[in-house]
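Residue strings, one per chain:
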Amino acid sequence: MKYAAKKIGMLVITVLLVSFLTFMAFQLISGDPAETLLGTAATPERVQALREELGLDRPFLVRYGSWLLGFLTGDLGESYSYRQPVWELVAPKLASTAALTGISFVLITLLSLPLGVLSARVRSNVADGIRTAFNQLCMALPPFVLGVLLSWVFGILLHRFMPGDFPSLTADPAGALRYLFYAAVCIAVPRIAMTVRLLRSNIAGEMQKEYVLAAAARGASPTMILRRHVLKNVLLPTVTFLGQTMAEIIGAAIIVEQVFAIPGIGRFLVSSVANRDYPVVQTIVVLLAFWVVLTGTLAELINHAVDKRLG
Amino acid sequence: MKKKILALLLVLCLGCSLLTACGGKTNNGPTGKDTPTGSDRAAANEITVGIAQDLDESLDPHKAVAAGTKEVMFNVFEGLVKPDKDGNLIPAIASEVNVAEDGGSYTFTLRDGVKFHNGEAVTMQDVLYSINRNADDSAGEPLIPALSVIADMTAEDNRLTVTLEQPDSDFLAYMTLAILPENYDKQDTAPVGTGPFRFVSRTAQDSIVLERFADYWGAPAKLDRVTYKVIENAQGLLLGLQSGALDLVSHLGSTQTSQLSEKDFRIEEGTMNLVQALYLNNAEKPFDDVRVRQALCYAVDKQAVLELAFDGYGHPLGSSMFPAFGRYFDGSLTDYYTQDTEKAKALLAEAGYPDGFDMTVTVPSNYQPHMDTAEVLSEMLGAVGIRVTILPVEWSSWLSDVYGGRKFQSTVIGVDASNLTADALLGRFYSTASNNFTNYSNAEFDALYEQAQNTFDEDAYTSLVLQMEKNLTENAANVYIQDMADLVAVRKGLAGLQFYPLYVLDAASLYWADTAVS
Amino acid sequence: MAARKSNPFLILGGVLIAAFLALAVFGALFSPQDPNAMQAGEKLLAPSLTHLFGTDRFGRDIFSRALAGLGTTFFVAAATVAIGAVFGTLTGALTGYYGGVADAALMRLNDTLTAFPAVLLALLAISLLGPGKESSLVLALGLVFIPGYARLMRTAFASPSNRAFVLSARLMGAKGARIIFVQLLPNTLPTLLPALTIGFNNAVLAEAGMSFLGIGVTPPDASLGYMLSEAQGMLAAAPWYAACVGGVIVLLVFAVGLFGEGLQRRMHT
């Protein structure tokens, strides 16, 4: 319990650090919200007036402080671009992305674990070769290429969904989930291949260890050994890897949301960065950071628990 | 074991297809049908338009600046006058416009029965408020600086007389400014105007919805509803058209339109109405030397740029003016420089660069046509010994570094006109203009510009404009390339598309041919 | 076991990698055609004897560009993985072995890096380091890759079997650094090596993704990822473009993967 409390404390510190660094990074790179909003209609006077209106004329630390205070009291501020409360803008997008990454993760976990174990037991060279080749092919497919291919085949040739017409999650949840499924496949395929590969090599490595050989010498069947001993030991790195995957598929989601025109958080982050819409960027970055750290912490907690039992 | 693996792969593939097949069966929406074209929307008398840029700014027409926002909101707002498809200004909220003989004053008669989308009638009060809001200089510069020419406004019944300090032939063009209700404070997010369509909703990064305004004073819009779907990715727009999700997409590239089937789509070609050029920082070495700038012009073959990057679409240009400006456009300047590699090398040698030099081209990376042009230019300039590095930057970096900060060597961009006045294109080359981002500084040009400011005779003014254009060409202010083609993919059955000399899409004229509602 | 004596993975992978490297070098020195030369009359031609992979939308020879791009991709991916793996392993070793304050501080930093959305991190890094430079791209991507390796290696260094090792090494009087690099590092190789080849694969994908978002290599330079992101926009008009470039990428990643697989098997035997 104390361990968990410590972890949660670290989580908060990390998220705070990320929010501060993001705030600072935008001070360093070029581009200014007021100049971006005014575009080619910008004149020094208009930029100055808009900066004052947005509160950008205040010193950096004051702005960060007031943002943090607002954030902690539940006030995420108003988008510079849309002149609407940030939460109102972000919430629906959060739902789409959560659904997208959720489906991806389920696909990855459900398919890669059995496939990984199975492929570790393959001994024949030919099958092994085919497996390796197929695996490599899946790993080398960038999500945007797969996305265009799937849209083409399932959207345009087979009419299974209509690319470019993402149904609203609230109005047509079934339609929205079906639409998201294809996008999720694009994210999942390379990840499944990677997880399978990792599992296979870890299991193979473990199977060479002395205790396994000893057990085999005692006459235990390979299936028994795998179930009783090996799987427990390869669980640690696999859980770590899956935790990391959970964090990384957010990155793939940014690209896949573009290809499938899904109004999600990744796409919104990219456009808000381009607009220098700080209140939106800050909110999304904090949400994503929280998510990433949370999954990492969970993976560690699971590891910790398993470790204790083993150790 | 080998078989087992293969079997498993098979099961996996089957599983995937099964999952999707089940999904298809439970579906009752339009996606499950065999031909998910725009036919459902035709029956409902609505369309979906794909746009590459979100309307991510205030929707208040006096504050909005992005061309993409104006393109959509053109259908929601109107001024006392408004442009038609030929670039003429026609009466809108004013039913009649009378210009005094000396050009010193304008009298607008307000049209009877014009209503705002919120149901309120347009009053003289609203008109005065809207003009004053743009002319107000209490906080420094007014929203429309040219309105400072207004000396006095007097309202009498339904007639508004605007007296100018001096005659200004461009004045009427500024009276296209949107008339807004005075006591309404949600223009930023829920705008209210008088146009043929009323604003319904905006979902950030997703869609904008407009509906026909039933109480419109003029010929009503033919469609009931227009949904603009935001899809930034070019391939996504293409897929949306092919899948049946979109009915119309403007500003496509020729690579994209060539992939659409002629059975379902018609491609219409207009012009973007902008000046695409390799803009040079005239204050920066080596471009402060006119010979170097001319050498660049001689090194470039405009027609070849169009062939290579645009499949031959586009209209080559030779100065900062495009054909939609009619009498102000001097077509003979286009071929002032014809590609001549030897001449270019000679000019470079004369300027002290016999071995060429290194230069950078800063390009906003989100604009593929400009990136493509830069790529072709780098190849052409390489042939005369100029080594080009392309610096792709974000749009906001471009705005603050190149446009605002003028920290650049050269850039490829398209400069458009915010209204149909020559000043909108040429004013930025006046040496002290705040938007003179190329730092062009030429005494002769400045003199011509000042003279034009005080010329009220139309013919004399036109002649000065032509001289200014020629000045830019002769001094090779920039390496002018083209006015880009605007390729619009329109679903078969959808008719009535009109091209304007401005960056707008008039949705009111569109209609489904076989279900035409009048 | 079959793989014990001959190691076909290692040999085939090695030969393929050598072939790719040779092609990349050969391509740089004797490109069949100028990879940047544009031909208006030869746009989007299908593969033929003069243009093995066909031509792109500027009429450039895709085969020559793929050769040039191969070198770029190889370099970017290898450098990215090198940065990620070296710093990641160091961090992992220090935190996994020592624990305590160093662990807490470094892992906090690491978590912070992980918690940044990768695209944002890369975008910010490129903005700061200056656009239009390959080195910016490599550093930005490398930075993105560090935390993953650090986390993985930390787990590996702290694994139960290593703990036993450390204990016995300490009893024999070995010092920290020596234990880490001489005793533990070889032990973690089964974790590191597949992670390296997966990392290479990820780096190729990441570079392609960056190109897709417009922040990858700078045209007219080409990388395979850049070409692929260009090809996806004309899948219907020039399917061979995506197929050829995609094929090269798959083969390259395949070769590296095979090699890694072979290495790993050799260690286990």
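Because the structure is predicted, anything quoted here is derived from the model rather than measured. (Residues numbered from 1 in each chain as written. Chains lettered and ligands numbered in written order. Predicted model: local features only at pLDDT ≥ 70, side-chain atom pairs only at ≥ 80, totals over all residues.)

Draft legend 1. Structural context of the overall build of chain C. Along the backbone of chain C there are nine helices and zero strands. The N-to-C order of helical and strand elements in chain C reads α-α-α-α-α-α-α-α-α. Overall size of chain C, expressed as C-alpha extent along the three principal axes, is 75 × 50 × 30 Å. Restricting to contacts in chain C with at least 6 residues of sequence separation, those with at least 24 account for 69%. (Helix = DSSP H or I, 4+ residues; strand = E, 2+ residues; numbered from the N terminus. Contact = placed C-beta atoms within 7 Å.)

Draft legend 2. The arrangement of the overall build of chain A in detail. Counting its regular elements, chain A contains 12 helices and zero strands. Referenced to the eigenvectors of the C-alpha coordinate spread, the extents of chain A come out at roughly 85 × 55 × 35 Å. Burial status across chain A gives 51% buried among its 311 residues. Sequence separation of at least 24 residues holds for 73% of the intrachain contacts in chain A that already meet a minimum separation of 6. (Buried ≥ 20, exposed ≤ 12 C-beta atoms within 10 Å, placed from the backbone.)

Draft legend 3. Focus on unusual backbone geometry. Residue Pro286 of chain B follows Lys285 of chain B across a cis peptide bond; omega there is -5°. Here Pro286 of chain B shows up in the loop between strand E13 (274-280) and helix H8 (290-299). In this structure, His159 of chain A is a non-glycine residue whose phi angle is positive, near 55°. Residue classification places His159 of chain A among the partly exposed positions, given that 19 C-beta atoms sit within 10 Å. Residues other than glycine seldom take positive phi values, yet Asn439 of chain B does so here, at roughly 55°. Within the secondary structure, Asn439 of chain B sits in the loop between helix H13 (423-426) and helix H14 (443-453). For Asn439 of chain B, a count of 15 C-beta atoms within 10 Å puts it in the partly exposed group.

Draft legend 4. Highlighting the interface of chain C and chain B. Of the residues lining the interface, 17 residues belong to chain C; the matching set on chain B comes to 21 residues. Taken together, the residues that form the side of chain C that touches chain B break down as nine nonpolar, seven polar and one charged. (Nonpolar A, V, L, I, M, F, W, Y, C, P; charged D, E, K, R; others polar.)

Draft legend 5. Examining the interface of chain A and chain B more closely. Each side of the interface is counted separately: chain A has 58 residues, and chain B has 53 residues. Looking at the side of chain A that touches chain B, the elements that each hand over two or more residues are helix H2 (33-38), helix H3 (44-54), helix H5 (86-120), helix H6 (125-139), helix H7 (143-157), helix H8 (173-207), helix H10 (222-260) and helix H11 (265-275) of chain A. Class assignment for the residues of the side of chain A that touches chain B results in 27 nonpolar, 18 polar and 13 charged.

Draft legend 6. Looking closely at the pairing of strand E5 (residues 105-110) of chain B. Residue and element names in this part refer to chain B. In E5, alternate side chains face the same way, and those of Tyr106, Phe108 and Leu110 are buried while those of Ser105, Thr107 and Thr109 on the opposite face are not. Where strand E4 (residues 94-99) meets E5, five bridges bridge the pair, whose relative direction is antiparallel. In the strand pairing of E5, Ala94 is matched with Leu110. Hairpin connection from E4 to E5: five residues lie between these consecutive antiparallel strands, with Gly103 at a positive phi of about 75°. (Pairing = 2+ DSSP bridges.)

Draft legend 7. Representation of helix H9 (residues 302-310) of chain B. Residue and element names in this part refer to chain B. For H9, the tally of buried residues reaches seven of nine residues, placing the bulk of the element in the interior. Of all the residues in H9, the buried ones are Lys302, Val305, Leu306, Glu307, Leu308, Ala309 and Phe310. Along its buried surface, H9 packs onto helix H7 (254-257), strand E14 (315-316), helix H11 (368-382), strand E18 (479-483) and strand E19 (485-491). One or two positions beyond H9, positive phi appears at Asp311, with a value near 50°.

Draft legend 8. Fine view of the packing of H8 of chain A against H10 of chain A. Residue and element names in this part refer to chain A. With their axes 9 Å apart at the nearest point, H8 and H10 run at an angle of 160° to one another. Taken together, the axis directions place H8 and H10 in an arrangement best described as roughly antiparallel. In the crossing of H8 with H10, the sense of the turn from one axis to the other is right-handed. Here Ala183, Cys186, Ile187, Arg191, Thr195, Leu198, Leu199, Asn202, Ile203, Glu206 and Met207 of H8 come into contact with H10, specifically with Val230, Asn233, Val234, Pro237, Thr238, Phe241, Thr245, Ile249, Ala252, Ala253, Val256 and Phe260. In terms of residue class, the contact of H8 with H10 is made up of 16 nonpolar, five polar and two charged. (Axes fitted to C-alpha atoms, helices over the stretch in contact; angles between N-to-C directions. Parallel < 35°, antiparallel > 145°, perpendicular 65-115°, else oblique. Left-handed = near helix turned anticlockwise from the far one by under 90°.)

Draft legend 9. Spotlight on the environment of Val402 of chain B. Residues and elements named next belong to chain B. Assignment of secondary structure puts Val402 in helix H12 (residues 395-404). For Val402 and Phe437, which are 35 residues apart along the polypeptide, the C-alpha to C-alpha distance reads 7.3 Å. Among residues more than four places away in sequence, those in contact with Val402 are Thr362, Phe408, Thr411 and Phe437.

Draft legend 10. Layout of the domain arrangement of chain A. Residues and elements named next belong to chain A. Domain parsing of chain A yields domain 1 (2-72) and domain 2 (93-306). Each of domain 1 and domain 2 has a C-alpha centre, and the two are 32 Å apart. The interface of domain 1 with domain 2 comprises 16 residues on the first partner and 16 residues on the second. Of all the secondary-structure elements, those providing two or more residues to the side of domain 1 that touches domain 2 are helix H1 (2-28) and H2. For the side of domain 1 that touches domain 2, the leading source of residues is H1, giving 11 residues. (Domains from an automatic or database assignment.)

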